Amino acid sequence: MSLQIAKMVVRSFSRSAGSPLSERETEVLQGIATGKSYTKIALDLFISKETVRSKNIYQKLAVSSKAEALKIAGTNNWLN
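Residues numbered from 1 in each chain as written. Predicted model: local features only at pLDDT ≥ 70, side-chain atom pairs only at ≥ 80, totals over all residues. Heavy atoms only, no water.

Novice: Run through the nonpolar core, naming residues and quoting values.
Specialist: Formed by 16 residues in total, the largest nonpolar core has its most connected members in V28, L29, I57, L61 and A69. For this core, the elements supplying multiple residues, two or more each, are helix 2 (23-33), helix 3 (38-45), helix 5 (56-61) and helix 6 (66-75). Discounting chain neighbours no more than four positions away, the residues touching L61 are P20, L21, L29, A69, I72 and W78. (Core = buried A, V, L, I, M, F, W, Y, C linked by side-chain atoms within 4.5 Å. Buried < 20%, exposed > 50% of the residue type's maximum accessible area, 1.4 Å probe, protein only. Helix = DSSP H or I, 4+ residues; strand = E, 2+ residues; numbered from the N terminus. Contact = heavy atoms within 4.5 Å.)

Rendered as structure tokens:
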């Protein structure tokens, strides 16, 4: 198993099982939590800036802002 795969497996176990977010959505939200720009998150995750801006996270968490999404994710321990 490669180091990258091993890290992904460990991260998946450390997240709360009740999270409605996919692993990639959680990675995007972690980037937001650390203050990264959408452009930087997109570059780090090898996805488009438009994918980062997608409102899927907001819809899944039933929120309308980054702050609300971060509050819910933090309260529920969905961020590493």
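Novice: I'd love a proper account of unusual backbone geometry, names of residues and values included.
Specialist: Non-glycine residue A62 carries a positive phi angle of around 55°. Even without glycine at this site, N77 takes up a positive phi of about 60°. Here N77 lies in the segment after helix 6.

Novice: How would you explain helix 3 if you had to name every residue and give the values?
Specialist: Every buried residue of helix 3 is listed here: Y38, I41, A42 and L45. One side of helix 3 holds all its buried residues, which, seen down the axis, span an arc of 100°. Looking at the buried residues of helix 3, the elements they touch are helix 2, helix 4 (49-53), helix 5 and helix 6. One or two residues past the end of helix 3 sits F46, with phi positive at roughly 60°. (Arc of directions from axis to C-beta.)

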